[in-house]
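Chain residues, written in single-letter form:
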Amino acid sequence: QVQLVESGGGLVQPGGSLRLSCAASRSIFSIYAMGWYRQAPGKERELVAGITSGGRTTYADSVKGRFTIHRGSAKNMVDLQMNSLKPEDTAVYYCNVNGIAVAGLPPRDYWGQGTQVTVSS
C-alpha cells in the first residue's frame, strides 16, 4: 500500500511563502502524474498544480505566476512552492499521485492526508 506524506503547511501572513513537500512511503512502479489539490471550507476540492511524468505542468488560473510545482530529488517526491500567498489560498492541501504501485496492477489515484495552509494577518 502506498502512502503519501505531506509536510510544510502552516500559518503565514499575506504576501508570504510556503513550500509543501510530498513523499511516497514506498517506491511506485510507474507514475503518470503528480499534483496538489486543495479544499477550502464549503468548497469542492480543486486542482492547484500538476506535473506529468514528462514534465508538463498545469496550474489553476488563480495561482499562475505565484505557485510552482517541482518534481523532488527522488522519483516519488513532489513539491509545491507557494509565493505571494493570499487569504483566499487558505485551504487543506492534498498531494496526489496517479500511477501504478506494483507492476500488473491497474493505475489509480493515491492521496495524502492533507496539510493545512492558513494565510492570515
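Before reading further, recall that the structure is shown in the block above.
Described in the following lines is the structure provided in the data block. From a predicted model like this one, the values you see are computed outputs, not experimental measurements.

1. Topic: the overall build of the chain
Right, so step 1: The secondary structure content of the chain amounts to zero helices and eleven strands.
Right, so step 2: Counting from the amino terminus, helix and strand elements in the chain follow one another as β-β-β-β-β-β-β-β-β-β-β.
Right, so step 3: Relative to the globule expectation of 14 Å for 121 residues, the C-alpha radius of gyration of the chain, 14 Å, shows essentially globular dimensions.
Right, so step 4: Here the C-alpha coordinates of the chain stretch approximately 50 × 25 × 25 Å along the principal axes.
Right, so step 5: If you sum the accessible surface of the chain, you get close to 6,300 Å²; carbon and sulfur atoms cover 50% of it.
Right, so step 6: Distance between charge centres in the chain, computed from 12 positive and 8 negative side chains, equals 7 Å.

2. Details of the nonpolar core
Right, so step 1: Core analysis: the biggest nonpolar cluster contains 31 residues, and Leu4, Trp36, Phe67, Val78, Leu80, Met82 and Tyr93 have the highest contact counts within it.
Right, so step 2: Of all elements in the fold, only β3 (18-24), β4 (30-39), β5 (46-52), β7 (67-71), β8 (77-82), β9 (91-100) and β11 (115-119) reach the threshold of two or more residues within this core.

3. So, the state of the cysteines
Right, so step 1: The full count for this structure, using the stated rule, is one disulfide.
Right, so step 2: Bridging Cys22 to Cys95, the disulfide has an S-S length of 2.0 Å. Looking down the S-S bond of the Cys22 and Cys95 bridge, the torsion is -80 degrees, so its handedness is left-handed. Residue Cys22 is found in strand β3, and its partner Cys95 is found in strand β9; the two are separated by 73 residues along the sequence.

4. What to know about the pattern of salt bridges
Right, so step 1: The full count for this structure, using the stated rule, is five salt bridges.
Right, so step 2: For the salt bridge of Arg19 with Asp79, the shortest nitrogen-to-oxygen distance reads 3.3 Å. You can see Arg19 sitting in strand β3 and its partner Asp79 sitting in strand β8, a full 60 residues away along the chain.
Right, so step 3: With a relative accessible area of 10%, Asp79 lands in the buried category.
Right, so step 4: In this structure, Lys64 and Asp61 form a salt bridge, with 3.1 Å as the shortest nitrogen-oxygen distance.
Right, so step 5: Members of the salt-bridge network, linked through shared partners, are Arg38, Glu46, Arg66 and Asp89.

5. Here we look at the side chain of Arg66
Right, so step 1: The residue Arg66 is located in the loop between β6 (57-59) and β7 in this model.
Right, so step 2: There is a polar contact of 2.9 Å between the side chain of Arg66 and the backbone oxygen of Ser84.
Right, so step 3: Ignoring anything within four residues of it in the chain, the contact list for Arg66 reads Gln81, Met82, Asn83, Ser84, Leu85, Lys86 and Asp89.

Conventions and cut-offs
- Residues numbered from 1 in each chain as written.
- Predicted model: local features only at pLDDT ≥ 70, side-chain atom pairs only at ≥ 80, totals over all residues.
- Heavy atoms only, no water.
- Helix = DSSP H or I, 4+ residues; strand = E, 2+ residues; numbered from the N terminus.
- Rg over C-alpha atoms; globule rule 2.2 N^0.38 Å.
- Areas by Shrake-Rupley, 256 points an atom, 1.4 Å probe, with all protein chains shown as cover.
- Lys, Arg positive; Asp, Glu negative; His and termini not counted.
- Charge placed at Lys NZ, Arg CZ, Asp CG, Glu CD.
- Core = buried A, V, L, I, M, F, W, Y, C linked by side-chain atoms within 4.5 Å.
- Buried < 20%, exposed > 50% of the residue type's maximum accessible area, 1.4 Å probe, protein only.
- Disulfide = S-S within 2.5 Å.
- Salt bridge = Lys/Arg side-chain N within 4 Å of Asp/Glu carboxyl O.
- Polar contact = N/O pair within 3.5 Å; in protein donor to acceptor, adjacent residues only side chain to side chain.
- Contact = heavy atoms within 4.5 Å.

Note that all results are geometric; they support no functional claim without further evidence.
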